[in-house]
Structures are given as structure tokens and as C-alpha cells.
Amino acid sequence: MTETVGNKTYTYVRNADNSNVTPSQFKAYLYTALESFKGSTSDTVTTLNGQTLYANIKDDISHLLATNWFASKELAQGNTKGGSAAGDSYLATITTILENSLTTPNGQQILWAGGRGSGVLNKKGSNNSNNDKLYPYSFYGMPDDPTYQDGMYWVTGPEGEANNGKGTQFYSNAGSNWQSGNYGKAVYGYVNWDTYEDGNMTRSQPDNSAPFLTVGFGTTGKWDDAAMGGDTTVGFIKETNLANSSLNIKAGSGTVNLEGDLGKAKALDTVNIESTGAVTLGNPQNTATTYHNGTVYADYGIYISGGTVTRRLYGQ
């Protein structure tokens, strides 16, 4: 159906009863449409590129879905609420180095994740670049996401429910400046921005070229702020919440050293640590993570028993 508001006409896809098409209905429609080509001349006649019409249409649909952040968001969520409940699924929020290592374990594969927002400030587009001209906000030095102007946010899953549904900010562009090479800072969890050479300067993402987060660049899963419609994005990362598990450590007479926080990235149901030796929580000298204070997060209970139980804080 079409609807005209002012001088603009909008086109919508709706069911026969005028209800909204759900992601599962949309997927079923695409599947049915593709299957209708099978067994017909569309499945046997070869086109100029050497593929059948069926293969071309399938590739076109896959490409349109793969390069659209909003379509990927709906497909990842499916019929769930896409939030914090067990069983909910959503575009992945990547808050630890472990999660990032699992996104593209077999090499470069550029995928959508559940982040969006604006990158470095004070960057203007070039009149010599047709690509820059596609993005009117960033072209004129403005934040490229009008909804999230002060940085990048996780807007899906449990993190997306924070701040009354605005999401969780993980990168801030406050005080950043493209001209001076100040690219902002991480303000939550883990980030892995890509870098590139620009003349005699090393630039860092997010460079305010587009508002949607992609991951999977190079061999270490680097991040970029990307636009929809590009040829490099091949799909998305889907994350599904599982019910929280319990952790049970029985060390006998051995020592237990937990040098980071426990249950922060993924909460635990209960935590039970038993030893007749020393139990130490936290290590402020641990440089592998900033979450090294020995804080234990659990839903329903924490029990720690040891010959000695020590929590090491900063300065100890």
C-alpha cells in the first residue's frame, strides 16, 4: 500500500487484512517466491552472467537483506522481543574480547552488529568523493546519526533496554576532533576499532562516515561504522540469551585466584567456591582487563569458603 504525507509518498508491505508483516511472514514470503521459480524455465534458462534467473533473484534478495541493517535487526530478533529475557535473540552486542573472537573465527567476514550512532566530530566530507556526498550529515561535519549524536550505542538485547530503551553507550565522541587526530574514547565494555592510513596520519574508526556498526575486518575482527547498501557486508551476527548457569568451584586444598570480575559479561545464577586453601578475588595489577576488582555477579546467591578469603583492591 502507499500513503502520501505532505509532498512525500511512502510504500508499505502489509498483509491482506492490513496488519503489519512479521519477520517470520516476510521470510516465508521470500521462500515461497523463490520456490515458485524452481521447476520452471527460470530455473533452467541461463542469463548473460552464466547463472539462471532463479539464481540471480536469490542472490539479489540475499544481497538486499545482507546489506540492510534494519532488515538484519528484524531477522535476528525473529518472533522474540529482542531484549533481556531468556530465549530472546537480537543483533549481537559485543562487550568482551572473547565475544569478539567468536564473531569471525575463520578470517575476514564483515557482519552487522547491534550498534549504531555517530563517530568522530569535526570531520567534513570531500567534494571529490561521491561516497562522502551520500551522507548529508557527516558531509557537513555533523553527527551522522541524528538519534545518537554523542557516540555509539548498543541498541539491541539487554544493553538496548538500558536508559529507558535508548541503549547503552559504548563509545563517546565528546571532545573528539578529526583535524587533531583525537578519535574519542570507549566508555563501556570492549571496543576494537579498525585503523587506516591517511597520508602521513593513522586514522581510527568510527570516522563518522555512516551510522551502523559492522565487525569482522581483518584477522582480528576489527570494527567500522558502515552504511547500508555496501557490497562488503555479507550478513549479521545473531545472539540468543540462554538461562544463566551456576558456577561451582571445588578446589580441595588448592589455592583459587580469580584475577578479574566474575559474572559481569554474562550473569551467573549462583556462585559456589570451596577450598581449604587461600581464595583471592581481584588483582589490580591485571592489565588484561579493567574489570579486575574481584566483583562477583550472581542472581541468587554467592558462597565462598577458604582457609583465607581475600579481596585485593587497587593499591593492595
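Structure: see above.
Rules used in this analysis
Residues numbered from 1 in each chain as written. Predicted model: local features only at pLDDT ≥ 70, side-chain atom pairs only at ≥ 80, totals over all residues. Heavy atoms only, no water. Helix = DSSP H or I, 4+ residues; strand = E, 2+ residues; numbered from the N terminus. Buried < 20%, exposed > 50% of the residue type's maximum accessible area, 1.4 Å probe, protein only. Areas by Shrake-Rupley, 256 points an atom, 1.4 Å probe, with all protein chains shown as cover. 1 Å grid on protein atoms, 1.4 Å probe; cavity = no way out; pocket = protein on both sides within 12 Å on 5 of 7 lines; lining within 4 Å. Points joined across faces, edges and corners; volume = space filled by probe spheres on them. Pairing = 2+ DSSP bridges. Axes fitted to C-alpha atoms, helices over the stretch in contact; angles between N-to-C directions. Polar contact = N/O pair within 3.5 Å; in protein donor to acceptor, adjacent residues only side chain to side chain. Phe/Tyr/Trp six-rings, centres within 6.5 Å; stacked < 30°, edge-to-face > 60°. Lys NZ or Arg CZ within 6 Å of the ring centre and 35° of its normal.

Enquirer: How should the overall build of the chain be read in this particular structure?
Expert: When helices and strands are tallied, the chain shows 7 helices and 19 strands. Looking at the chain as a whole, 37% of its 316 residues qualify as buried. In the structure as shown, the chain presents an accessible area of about 17800 Å², 51% of it carried by carbon and sulfur atoms.

Enquirer: Help me understand the layout of surface pockets in this model?
Expert: If a probe as big as a water molecule is rolled over the atoms, it shows which places are left empty. Empty space within the largest pocket amounts to approximately 1100 Å³. In this structure, the largest pocket is lined by 33 residues; those nearest its centre are Thr 95, Thr 96, Lys 264, Ala 265 and Lys 266. Sorting the residues of the lining of the largest pocket by element identifies α4 (97–103), α7 (157–161) and β13 (238–240) as the ones contributing at least two each.

Enquirer: What am I meant to see in the sheet that holds strand β18 (residues 298–305) here?
Expert: With parallel pairing, the 3 strands of this open sheet are ordered in space as β14-β16-β18. Looking at which strands have only one partner, the edges of the open sheet turn out to be β14 (247–250) and β18. The average undirected angle you get between the axes of adjacent strands in this sheet is 5 degrees. As paired strands, β14 and strand β16 (residues 268–274) are joined by 4 bridges and run parallel to one another. If you follow Lys 250 over to β16, its bridge partner there is Glu 274.

Enquirer: Just to check I follow, could you spell out the sheet that holds strand β15 (residues 256–258) for this structure?
Expert: Note on sheets: strands pair through backbone hydrogen bonds, and any given pair is parallel or antiparallel. Reading across the sheet, the 3 strands line up as β15-β17-β19 and stay open at both edges, with parallel pairing between neighbours. For this open sheet the edge positions go to β15 and β19 (308–311), each flanked by a neighbour on one side alone. Within the sheet, the average angular offset between the axes of one strand and its neighbour, ignoring direction, is 5 degrees. In the sheet, β15 pairs with strand β17 (residues 278–281) via 3 bridges, with the strands oriented parallel. Residue pairing for β17: Val 256 is matched across the bridge by Val 279.

Enquirer: Where do I start with the side chain of Asn 241 in this structure?
Expert: Relative to the helices and strands, Asn 241 is located in the loop between β13 and β14. With relative accessibility at 10%, the residue Asn 241 sits in the buried group. One polar contact links the side chain of Asn 241 to the main-chain carbonyl oxygen of Gly 83, over a distance of 2.8 Å. Among the polar contacts listed, one links the side chain of Asn 241 to the side chain of Tyr 90, at a separation of 2.6 Å.

Enquirer: Would you take a moment to explain the packing of aromatic side chains for this structure?
Expert: Any aromatic ring pair is given by two values, namely how distant the centres are and how the planes are angled relative to each other. Within the structure shown, the criterion is met by 13 aromatic pairs. Each ring, one from Trp 69 and one from Phe 70, has its centre 5.1 Å from the other, and the planes form 90 degrees; the classification is edge-to-face. On the basis of relative accessible area, Trp 69 is assigned to the buried category, the value being 1%. Its relative accessible area of 40% is what places Phe 70 among the partly exposed residues. With 5.9 Å between their ring centres and 80 degrees between their planes, Tyr 190 and Trp 223 make a pair best called edge-to-face. Within this pair, whereas Tyr 190 is found in the loop between β7 (185–186) and β8 (195–198), its partner Trp 223 is found in strand β11 (residues 222–226), the two being separated by 33 residues in sequence. What links up through ring pairs into an aromatic cluster is the set Trp 154, Phe 170, Tyr 171, Tyr 190, Trp 193 and Trp 223. Over the ring of Trp 178 we find Lys 123; its NZ or CZ atom is 4.8 Å from the centre of that ring.

Enquirer: Is there a simple way to explain helix α3 (residues 69–77) in this structure?
Expert: An α-helical turn contains 3.6 residues, so a residue and the one three or four places further along point in the same direction. Among the residues making up α3, those that are buried are Trp 69, Ser 72, Leu 75, Ala 76 and Gln 77. Of the residues that open α3, the one with a side-chain oxygen 2.9 Å from the backbone nitrogen of Phe 70 is Asn 68.

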